[in-house]
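Below, each chain spelled out in residue letters.
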Amino acid sequence: MRHGGGGSSARKPLYSAAERMRRDASRWTLVQGLLAPVQFLVFLVSLVLVIRFLATGEGETAATVSIVVKTLTLYTIMVTGAIWEKVVFGQYLFAPSFFWEDAVSMIVIALHTAYLWALLTNSLSVDQLMTLALVAYATYVINAAQFVWKLRMARLDAAAKTASPDSLFPLESGVPAR
């Protein structure tokens, strides 16, 4: 597996040894591991309800409630995620290992919060509210993909650490190691 454009430089591991130990010891890791699939399930149900409403005009209340529940779930995972980040990296948000994920998370939160504000102030029509929710959901999907990618990178890092010494550097100058 090649980590660079034209050279043999490897990317920096997602976690230092100390950060990995703090991550593995933290109860917030379990909390995040449980909340992430719950939030995704809430998202899927809400997405179906919103699309159903936009397609048929039926189920406005169910779609609206589902968006509010999705938003509250998002707030919960963001707060607990910030705590997790503090425990593991020593800062609540924007740790270098998760900078871009946190940046996109802020956009996701802003869009969900804009939905709640517009709902409470009646400043958008129902169709506009549902469209705003879909924009927020599209951004959420991008953000979720970022986190899944980071999880994959962390697993690859862990696998590389446990690999035999001969396989730690599978490519040298673009040529497979023998």
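These numbers come from a predicted model, not from an experiment.

Caption draft 1: Expanded view of unusual backbone geometry. A positive phi is found at Phe-94, a non-glycine position, where the angle reads about 65°. Structurally, Phe-94 can be placed in the loop between helix H3 (60-89) and helix H4 (99-121). Although it is not a glycine, Asn-122 adopts a positive phi angle of roughly 55°. Within the secondary structure layout, Asn-122 lies in the loop between H4 and helix H5 (126-162).

Caption draft 2: Summary view of the side chain of Arg-20. With respect to the secondary-structure elements, Arg-20 resides in helix H1 (residues 17-25). Setting aside chain neighbours within four positions, we find Arg-20 in contact with Tyr-15, Ala-154, Asp-157, Ala-158 and Lys-161.

Caption draft 3: Structural context of H1. Those residues of H1 that sit buried are Glu-19, Arg-20 and Arg-23. All buried residues of H1 project into a common sector of 100° when viewed along the axis, lining one side. Residues of H1 that are exposed and point more than 90 degrees away from the buried face comprise Ala-17, Met-21 and Ala-25.

Caption draft 4: Local environment of the packing of aromatic side chains. Under the defined criterion, the tally for this structure stands at eleven aromatic pairs. Residues Phe-43 and Tyr-140 carry aromatic rings whose centres are separated by 4.9 Å and whose planes lie at 55° to one another, so their mutual orientation is tilted. Taken together, the residues Phe-43 in helix H2 (residues 27-56) and Tyr-140 in helix H5 connect sequence positions 97 residues apart. Overall, Phe-43 belongs to the buried group, its relative accessible area being 4%. The exposure class assigned to Tyr-140 is buried, which follows from its relative accessible area of 5%. With a centroid separation of 5.6 Å and 80° between ring planes, the pair formed by Trp-84 and Phe-98 is classed as edge-to-face.

Caption draft 5: Inspection of the environment of Ala-82 at higher detail. Within the secondary structure layout, Ala-82 lies in helix H3. For Ala-82, a relative accessible area of 12% translates into the label buried. Setting aside chain neighbours within four positions, we find Ala-82 in contact with Gln-91, Tyr-92 and Leu-93.

Caption draft 6: Local environment of a nonpolar patch on the surface. A cluster of nonpolar side chains, contributed by Phe-94, Phe-99, Trp-100 and Met-106, occupies part of the molecular surface with about 400 Å² of accessible area. With respect to the secondary-structure elements, Phe-99 resides in helix H4. Residue classification places Phe-99 among the partly exposed positions, given a relative accessible area of 35%.

Caption draft 7: Layout of the nonpolar core. Ranked by internal contacts, the top residues of the largest apolar core, which has 23 residues, are Ile-67, Leu-74, Tyr-115 and Met-130. Setting aside anything within four residues of it in sequence, one finds Leu-74 in contact with Gln-39, Val-108, Ile-109 and His-112. Grouped together as the second largest cluster of nonpolar side chains are nine residues, Leu-14, Trp-28, Phe-98 and Ala-154 included.

Analysis parameters
- Residues numbered from 1 in each chain as written.
- Predicted model: local features only at pLDDT ≥ 70, side-chain atom pairs only at ≥ 80, totals over all residues.
- Heavy atoms only, no water.
- Helix = DSSP H or I, 4+ residues; strand = E, 2+ residues; numbered from the N terminus.
- Contact = heavy atoms within 4.5 Å.
- Buried < 20%, exposed > 50% of the residue type's maximum accessible area, 1.4 Å probe, protein only.
- Arc of directions from axis to C-beta.
- Phe/Tyr/Trp six-rings, centres within 6.5 Å; stacked < 30°, edge-to-face > 60°.
- Patch = residues over 30% accessible without salt bridge, like charges linked within 9 Å, V, L, I, M, F, W, Y side chains within 5 Å.
- Areas by Shrake-Rupley, 256 points an atom, 1.4 Å probe, with all protein chains shown as cover.
- Salt bridge = Lys/Arg side-chain N within 4 Å of Asp/Glu carboxyl O.
- Core = buried A, V, L, I, M, F, W, Y, C linked by side-chain atoms within 4.5 Å.

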